[in-house]
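Chain by chain, the residues:
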Amino acid sequence: AVDKRTGLPTDDTFTQYLYKNGSGWQEWRNWQASGYLYRYGYLIESNRFQKVFGMFLIGFLVGRKMMYAHLEDYTALFKKLRRWGFIIGIPGSIALAGFEIFGKPLPNPMGLAHTTLYAISVVPLSLAYVSWLCLHWVKTKSNTRFKWLAPLGRMALTNYIMQTLLGIFIFYGVGLGLGGDIGPTLFFPIAFAIYIFQIIFSKWWLSHFNYGPLEWIWRMLTYGKRLKIVKDKSHNN
């Protein structure tokens, strides 16, 4: 059974959704054949596509202006985003969490109520966090302090998809099926372990290859030509 409002499994069926004794690839494929429709129904009702597209546009603007390469030129903007992001985002997040946790009904024409709360909570807080990190970077000039995170960022697409695949393997019946046996208390340690693994894996991979595997494919599709992925031995030396 699924919640008609969210399109997701209810509390009493969540365990069976993740894992059921005897389930395997066939059961997982059966769910994927129809279950995704509930998810897309929720995404449409909550205007998720518009919200994500808006964030993509912000990222596109940052990339076109190469703000990441000239952070010191945008300190005034970052200070405003940090201040107003926290002022607007924290109360908005508290309100959104209250409605989600206590399930109080919202007047919700076309999903706009949830969309509005989401817009004034998640987005401002995200911009505030990013601005705080950028200002900290400019202030300390500690480029080497976070250098160990660089390989992780250079393989962002690969690591993003890898997290999904690892989550399916760890929690669903097609893999270890731990989703039916553990509670939220262990979710964070597992996520942290995956994150550490990806840092180590990304560093190892980029010591032998020029790009992450999915980044390599994406670049070739973008530029329409084959790119060399394996690093020259002389470069490694």
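Residues numbered from 1 in each chain as written. Predicted model: local features only at pLDDT ≥ 70, side-chain atom pairs only at ≥ 80, totals over all residues. Heavy atoms only, no water.

All right, on to the overall build of the chain then. Each helix and strand counted, the chain has 11 helices and zero strands in total. Listed by position from the N terminus, the elements making up the chain come as α-α-α-α-α-α-α-α-α-α-α. Relative to its full complement of 237 residues, the chain shows a buried share of 27%. Sequence-distant contacts, at least 24 apart, represent 61% of the contacts inside the chain between residues at least 6 apart. For the chain, the computed accessible surface area is about 16,700 Å², with 68% contributed by carbon and sulfur atoms. (Helix = DSSP H or I, 4+ residues; strand = E, 2+ residues; numbered from the N terminus. Buried < 20%, exposed > 50% of the residue type's maximum accessible area, 1.4 Å probe, protein only. Contact = heavy atoms within 4.5 Å. Areas by Shrake-Rupley, 256 points an atom, 1.4 Å probe, with all protein chains shown as cover.)

Next up on the list: the packing of helix α8 (residues 156-171) against helix α10 (residues 213-223). At a minimum axis separation of 6 Å, α8 and α10 run at an interaxial angle of 125°. On the basis of the axis angle, α8 is oblique to α10. By crossing handedness, the relation of α8 to α10 is classed as right-handed. From α8, Ala156, Leu157, Thr158 and Ile161 reach across to α10, where they touch Pro213, Leu214, Glu215 and Trp218. (Axes fitted to C-alpha atoms, helices over the stretch in contact; angles between N-to-C directions. Parallel < 35°, antiparallel > 145°, perpendicular 65-115°, else oblique. Left-handed = near helix turned anticlockwise from the far one by under 90°.)

This part takes up the nonpolar core. Met155, Trp205, Leu206, Phe209, Trp216, Met220, Leu227 and Ile229 together form the largest nonpolar core, which totals eight residues. Mapped onto this core, the elements with two or more residues apiece are α9 (187-206) and α10. Excluding residues that lie within four positions of it along the chain, Trp216 makes contacts with Tyr211, Arg226, Leu227, Lys228 and Ile229. (Core = buried A, V, L, I, M, F, W, Y, C linked by side-chain atoms within 4.5 Å.)

Our next topic: the packing of α8 against α9. Two numbers describe how α8 lies on α9: the axes approach to 11 Å, and their chain directions differ by 135°. Taken together, the axes of α8 and α9 are oblique relative to one another. α9 is crossed by α8, and the crossing has right-handed handedness. Along the contact surface, α8 presents Asn159, Met162, Gln163, Leu166, Ile170 and Phe171, while α9 presents Phe187, Ile190, Ile194, Phe197, Gln198, Phe201 and Ser202. When the residues that make up the contact of α8 with α9 are grouped by side-chain class, the tally is nine nonpolar, four polar and no charged. (Nonpolar A, V, L, I, M, F, W, Y, C, P; charged D, E, K, R; others polar.)

Applying the stated criterion across every chain yields a total of nine aromatic pairs. Both rings, one in Phe188 and one in Phe192, keep their centres 6.4 Å apart while their planes meet at 20°; by these two values the pair is stacked. In this pair, Phe188 and Phe192 both sit in helix α9, four residues apart, roughly one turn of the helix. Overall, Phe188 belongs to the exposed group, its relative accessible area being 62%. Consider the rings of Phe197 and Phe201, whose centres lie 5.9 Å apart with planes at 20°: the pair is stacked. Highlighted residues: Phe197 and Phe201, both in helix α9, separated by four residues, approximately one helical turn. (Phe/Tyr/Trp six-rings, centres within 6.5 Å; stacked < 30°, edge-to-face > 60°.)

Where side chains of opposite charge bring their charged atoms close, a pairing between them can arise. A complete count under the given rule lists one salt bridge for this structure. In this structure, Lys228 and Asp232 form a salt bridge, with 2.4 Å as the shortest nitrogen-oxygen distance. (Salt bridge = Lys/Arg side-chain N within 4 Å of Asp/Glu carboxyl O.)

Before going further, it helps to spend a moment on the layout of surface pockets. The rolling of a water-molecule-sized probe over the atoms marks out the regions of remaining empty space. Put simply, the second largest pocket is a space of about 780 Å³. Val62, Leu71, Phe78, Val130 and Cys134 are, among the 24 residues lining the second largest pocket, the residues nearest its centre. Contributions of two or more residues to the lining of the second largest pocket are made by α3 (48-65), α4 (75-102) and α6 (122-140). Among the elements that line the lining of the second largest pocket, the one with the most residues is α6, at eight residues. (1 Å grid on protein atoms, 1.4 Å probe; cavity = no way out; pocket = protein on both sides within 12 Å on 5 of 7 lines; lining within 4 Å. Points joined across faces, edges and corners; volume = space filled by probe spheres on them.)

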